[in-house]
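Tertiary structure, described
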Amino acid sequence: MLRAAASAAAAGALVAGCDPHRDPGAVRSPGGPKSSGAGHATPVPVRAARPPTRVPGLPVQIEHGPRNGRAVALTFHGRGDPKMATALLREAERAGAKVTVLAIGDWLDEQPAMARRILDGGHELGNHTMHHRDICALPAAEAYAEITGCAARLNKLTGSIGSWFRPSQTRRATPLVTELARKAGYPHVLSYDLDSLDANDPGAAAVQRTVLDSVGPGSVVSLHLGHAGTVAALPPILDGLRRRGLRAVTTTELVT
Ligand SMILES: [Zn+2]
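As the structure is a prediction and not an experimental result, all values here were calculated from the model. (Residues numbered from 1 in each chain as written. Predicted model: local features only at pLDDT ≥ 70, side-chain atom pairs only at ≥ 80, totals over all residues.)

Observations concerning helix α5 (residues 140–158)
Given 3.6 residues per helical turn, the α-helix brings residues three or four places apart onto the same face. Taking 1.5 Å per residue, 19 residues should reach 27 Å; α5 reaches 27 Å between its end C-alpha atoms and fits that length. Among all positions in α5, only Ala 143, Glu 146, Ile 147, Thr 148, Cys 150, Ala 151, Arg 153, Leu 154, Leu 157 and Thr 158 are buried. Those residues of α5 that are buried are in contact with β3 (100–103), α3 (105–110), α4 (113–120), β4 (124–127) and α6 (175–184). Gly 159 occupies a position one or two residues after α5 and carries a positive phi of about 85°. (Helix = DSSP H or I, 4+ residues; strand = E, 2+ residues; numbered from the N terminus. Expected span 1.5 Å × (residues − 1). Buried ≥ 20, exposed ≤ 12 C-beta atoms within 10 Å, placed from the backbone. Contact = placed C-beta atoms within 7 Å.)

Examining the confidence of the model for the protein chain
When the pLDDT values of the protein chain are averaged, the result is 87; 82% of them are 70 or greater. In the predicted structure, residues 1–17 sits below a pLDDT of 50 and forms 23 contacts with residues beyond four places in sequence or in another chain. (pLDDT = per-residue confidence, 0-100.)

Digging into the pairing of strand β2 (residues 71–78)
Along β2, eight of the eight residues are buried, which leaves the element largely enclosed by surrounding structure. Of the two faces of β2, both are covered, the one formed by Ala 71, Ala 73, Thr 75 and His 77 as well as the one formed by Val 72, Leu 74, Phe 76 and Gly 78. Of the pairings in the sheet, the one linking β2 to strand β7 (residues 220–224) comprises five bridges and is parallel in character. Its bridge partner being in β7, Leu 74 is matched across the sheet by Val 221. Where β2 meets β3, four bridges bridge the pair, whose relative direction is parallel. Residue pairing across strands places Phe 76 opposite Val 101, the latter belonging to β3. Between β2 and its parallel partner β3, the chain crosses via helix α2 (residues 82–94), and the hand of that crossover is right-handed. (Pairing = 2+ DSSP bridges. Right-handed = clockwise from strand over helix to strand, strands pointing away.)

Observations concerning the packing of helix α7 (residues 204–214) against helix α8 (residues 228–243)
Interhelical geometry of α7 versus α8 gives an angle of 40° and a closest axis separation of 8 Å. Accordingly, the angle class assigned to the pair α7 and α8 is oblique. α7 and α8 meet at a crossing whose hand is right-handed. Taken together, the residues of α8 that come into contact with α7 (itself represented by Ala 204, Val 207, Gln 208, Val 211 and Leu 212) are Gly 229, Thr 230, Ala 232, Ala 233, Pro 236, Ile 237 and Gly 240. (Axes fitted to C-alpha atoms, helices over the stretch in contact; angles between N-to-C directions. Parallel < 35°, antiparallel > 145°, perpendicular 65-115°, else oblique. Left-handed = near helix turned anticlockwise from the far one by under 90°.)

Quick look at the nonpolar core
Membership of the largest hydrophobic core comes to 65 residues, with the highest contact counts inside it found for Val 72, Ala 103, Ala 115, Leu 154, Ala 181 and Val 221. In contact with Val 221, other than residues within four places in its own chain, are Val 72, Ala 73, Leu 74, Thr 75, Tyr 192, Leu 194, Ser 196, Val 211 and Val 215. (Core = buried A, V, L, I, M, F, W, Y, C linked by C-beta atoms within 7 Å.)

Remarks on the pairing of β3
Both faces of β3 are covered, namely the face carrying Thr 100 and Leu 102 and the face carrying Val 101 and Ala 103. Pairing geometry for β3 and β4, over four bridges, is parallel. When the bridges of β4 are listed, Ala 103 appears paired with Asn 127.

Some details on α4
Along α4, the positions that sit buried rather than exposed are Met 114, Ala 115, Ile 118 and Leu 119. Angular distribution of buried residues about the axis of α4 spans 135°; they occupy a single face of the element. Gly 122 sits one or two positions beyond α4 and adopts a positive phi of about 85°. (Arc of directions from axis to C-beta.)

Listed below in structure tokens is the structure:
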């Protein structure tokens, strides 16, 4: 099983991208969610999230899209200050770009309105586990609960479990996590091939440079909500993509 061996090796070697301890943008509202609808009728989702689908010809673990096109996917770890997240979405929309937000379940519990905000902007929404633990190191039952916990939140808020699953604290899923994701309803695992390193808060110029130095057709770029440097870097990144003849599209548009 070459792929399994490669996945396990990669999972062990590449854990820098999504460190939960470096998430200064995370904001816990003391009064709890403002619009959870608790005690009222369940709000009807305006726009349903596209459910996960198997894309024929694609590997189970997706790292990039077609290299002969002009599209890239900007994919975001979904957690942090909702004002910052909204500012980032607005910048994307101003430039006609679409992004993919992989939301963490406990963030959706605190900020349930963000799910609809993301979908209403024409962006894509997916599952980035319930608590962003080191999912590849967890026993199977706990790892599965991390996946299904977030899936249940997404389903309640949007009418689907989200378009994609991305494992937490790792670039690639182990064969076990891949299998658990499939069991939970996600035929693919969304990895990435370009790490912006924005979670380390290196400053907007560094994030911009890291992305634009390496981006090309088909790139799937890992980025994070909740970081001011990322919000500031987005307009020049989108401008740089445009000058290279590239477009930021949803992950689904990239791979289908
Ligand atoms: Zn993450």
